[in-house]
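Understanding the architecture of this molecule
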Amino acid sequence: MTVTVGIDKIGLYVPQYYIEMTELAHARGVEPSKYTIGIGQDKMAVPPLDQDVVAMAANAAASILDEHDLLAIDQVIVGTESAFDYSKSVASYLHELLDLQPYCKAYEIKQACYGATAGLQSACDYVRLRPDRKILVVATDIARYGLGTPGEPTQGAGAVAMVVSESPRLLVLDNETSLFTDDVMDFWRPNYEAYPLVDGQFSNEQYIRFFSEVWKNYQEKTHCEFSDFEAICFHLPYTKMGMKAFKPFLEEMSEEERERFTARYQEASIYNRHVGNIYTGSLFLSFISLLENSSVLVAGDRIGFFSYGSGAVGEFFAGELVEGFENQLYIAEHKALLENRKMLTVEEYEEIFMEVVDS
């Protein structure tokens, strides 16, 4: 008997503060369109001083877990590049906060923005062997580059939590994926640095190269074409990034396909546009945005995913929406979360930023 495995539930948490990118642009002496059109960002989530990656992860997970989940979860896997301890994992704290059953494995994965995807794939492998068990996978990050730096407009914060199970009620993931790794220095943060070191142009080039590599390999393995998918979700450090990689392929499609993929891409980037970069969770934030903002998705639609983590690892994988998937969504809750945030002035944002640095 074939065991189907995938995402049963998916939830989101973002901090209660944000700044408008137009206000940040004015404060930095930059034309606002450079942020709102050039990189495609309207708002940037700002975490308060009392909210770290553990708190965000706990909020995201608590919003989707029920009593059965708490007893059935065998592992807590956290993907993050914002951990505050070189030894103890964020997952250890999360296990305690969520009051999960004690006979459980908790650990953290680090590979830039790819960490949560690695956790998701590991979780699927585990559940295929133990179909009566579940795994909680959480992506939680605070992207911070420094005031007035080129990377400042691509900051953000948030967490995405996923329950992986057998016979999932949201998305069945395929067994076949395509992976590509190359040792490149596009983005990294040594222990002695408070902020990442990044070569923005080089990183963009690597992202585009990795997408091309994994898609080519995926095609060779599966004989799939883009026409087999209703949408492609991308890791979005800023909302225009995925389109940079996708554009050469779109140009080879029919006008109808181009319009379809472009429409789905826009739907899949709405939440990212209003949150900013959440590193390991950016791909899955895009997936949530697609599910909650598209009116055309139906059961049986296939969704492709491109995950990228600087340094660098890329993966293309795919899944199929399940009958009744819409009943697993938290649309009202997520929209309220985004709409009820408080807007900060640039001065208030800078004060919070500097207090974090000084603490």
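Anything mentioned here points back to the structure above.
Residue numbers run consecutively from 1 along every chain, following the written order of its sequence. At least 70 in pLDDT is required for a residue's local features to be given in this predicted model, at least 80 for side-chain atom pairs to be given and counted, and no such filter applies to totals for whole chains, interfaces and linings, which use all residues. Heavy atoms from the whole structure form the basis of all side-chain values; hydrogens and water molecules are not counted.

Overview of the pattern of salt bridges
By convention in these notes, a salt bridge is any Lys or Arg side-chain nitrogen within 4 Å of a carboxyl oxygen on Asp or Glu. Inspection of the entire model under this criterion finds 16 salt bridges. For Glu152, the salt bridge goes to Arg28, with nearest N and O atoms at 2.8 Å. Here Arg28 lies in the loop between α1 (21–27) and α2 (33–38) and Glu152 lies in the loop between β6 (134–143) and β7 (156–166), a separation of 124 residues in the sequence. In this structure, Asp174 and Arg302 form a salt bridge, with 2.4 Å as the shortest nitrogen-oxygen distance. Pair noted here: Asp174 is in the loop between β8 (171–173) and β9 (178–181) and Arg302 is in strand β13 (residues 302–309), with a separation of 128 residues, a long-range link. Ionic contacts of the salt-bridge type, sharing partners, join the residues Lys9, Asp66, Asp69 and Lys134 into one network. Per the convention used, a helix needs a DSSP run of H or I reaching at least four residues, while a strand needs a run of E reaching at least two, with both numbered from the N terminus.

Here we look at the nonpolar core
Grouped burial of nonpolar side chains is what soluble globular proteins tend to show. Buried residues of nine kinds, namely Ala, Val, Leu, Ile, Met, Phe, Trp, Tyr and Cys, make up a nonpolar core once their side-chain atoms join them within 4.5 Å. Buried means the residue's accessible area, taken with a 1.4 Å probe over protein chains only, is under 20% of the maximum for its type, while exposed means over 50%, and partly exposed covers the values in between. Ile7, Ile10, Leu170, Phe284 and Phe287 are the most contacted members of the largest nonpolar core, which has 47 residues in total. Residues are treated as being in contact if the distance between any of their heavy atoms lies within 4.5 Å. Non-local contacts of Phe287, meaning those with residues more than four positions away in its chain, are made with Ile7, Ile10, Leu170, Leu171, Cys233 and Phe305. Listed in part, the 29 residues of the second largest apolar core include Tyr218, Tyr238, Phe246 and Phe316.

Describing helix α8 (residues 241–250)
When you tally the buried positions in α8, you get seven out of ten residues, the bulk of the element. Inspection of α8 places Met241, Gly242, Met243, Ala245, Phe246, Phe249 and Leu250 among the buried residues, and these make up the whole buried set. Looking at the packing, one finds that the buried side of α8 touches α7 (200–222), β12 (231–234) and α9 (255–268).

Some points on helix α6 (residues 115–129)
For an α-helix, 3.6 residues make a turn, and residues three or four places apart therefore share a direction. Helix span, as expected, comes to 1.5 Å for every residue beyond the first. Helix length check: α6 (15 residues) gives 22 Å between terminal C-alpha atoms against 21 Å at 1.5 Å per residue, within 8%. Among the 15 residues that make up α6, eleven are buried, leaving the element largely enclosed by the rest of the structure. Residues of α6 that are buried: Gly115, Ala116, Thr117, Ala118, Gly119, Leu120, Gln121, Ala123, Cys124, Tyr126 and Val127.

Section: the pairing of β6
For β6, the buried fraction is high: ten of the ten residues fall into the buried class. Here six bridges tie strand β4 (residues 73–79) to β6, and the two strands are oriented parallel to one another. Bridge pairing links Ile73 to Lys134 in β6. Only strands joined by at least two bridges in the DSSP assignment are considered to pair.

Looking at the packing of aromatic side chains
Paired rings are identified among Phe, Tyr and Trp, the last through its six-membered ring, by centres lying within 6.5 Å, and are further divided according to the angle between planes into stacked (under 30 degrees), edge-to-face (over 60) and tilted (the rest). Overall, the coordinates contain 32 aromatic pairs when judged by the stated rule. Ring geometry for Phe211 versus Phe246: centroids 6.2 Å apart, planes at 85 degrees, classification edge-to-face. In this pair, Phe211 is assigned in helix α7 and Phe246 in helix α8, connecting sequence segments 35 residues apart. Ring geometry for Phe234 versus Phe306: centroids 6.3 Å apart, planes at 70 degrees, classification edge-to-face.

Remarks on the sheet that holds strand β2 (residues 17–20)
Here we have three strands laid out as an open sheet, ordered β3-β2-β15, and mixed in their pairing. The sheet is open, and its two edges are formed by β3 (43–46) and β15 (342–343), each paired on a single side. Sheet topology note: the β2/β3 ladder contains four bridges and is antiparallel. Across the sheet, the residue bridging to Tyr18 is Ala45, located in β3.

Some words on the side chain of Gln101
Tracing the backbone shows Gln101 in the loop between α5 (90–97) and β5 (105–109). When residues no more than four places from it in sequence are discounted, the contact partners of Gln101 are Leu70, Leu71, Ile73, Asp74, His95 and Arg133.

Topic: a negative patch on the surface
Residues with no salt bridge and a relative accessible area higher than 30% make up the patches, which join like charges within 9 Å and nonpolar side chains (Val, Leu, Ile, Met, Phe, Trp, Tyr) within 5 Å. In these tables, accessible area is a Shrake-Rupley quantity obtained with a 1.4 Å probe, and a residue counts as shielded only by the protein chains included in the view. Under this rule, positive means Lys or Arg and negative means Asp or Glu; His and the chain ends count for nothing. Where a charge lies is defined by one atom per residue type, namely NZ (Lys), CZ (Arg), CG (Asp) and CD (Glu). On the surface, Glu347, Glu348, Glu351 and Glu355 cluster together into a negatively charged patch. With respect to the helices and strands, Glu348 occurs in helix α13 (residues 346–358).

Topic: the state of the cysteines
Cysteine sulfur atoms are paired as a disulfide whenever they fall within 2.5 Å. Taken as a whole and judged by the stated rule, the model has zero disulfides. Left unpaired, Cys113 is separated from the closest cysteine sulfur, that of Cys233, by 16 Å. Using a relative accessible area of 10% as the deciding quantity, one classes Cys113 as buried. Cys224 forms no disulfide, and the closest cysteine sulfur to it belongs to Cys233, at a distance of 16 Å.

Some remarks on the side chain of Glu152
Here Glu152 falls in the buried class, since its relative accessible area comes to 0%. Residues contacting Glu152, with those up to four places away along its chain left out, are Leu24, Arg28, Met44, Tyr145, Gly146, Leu147 and Tyr349.

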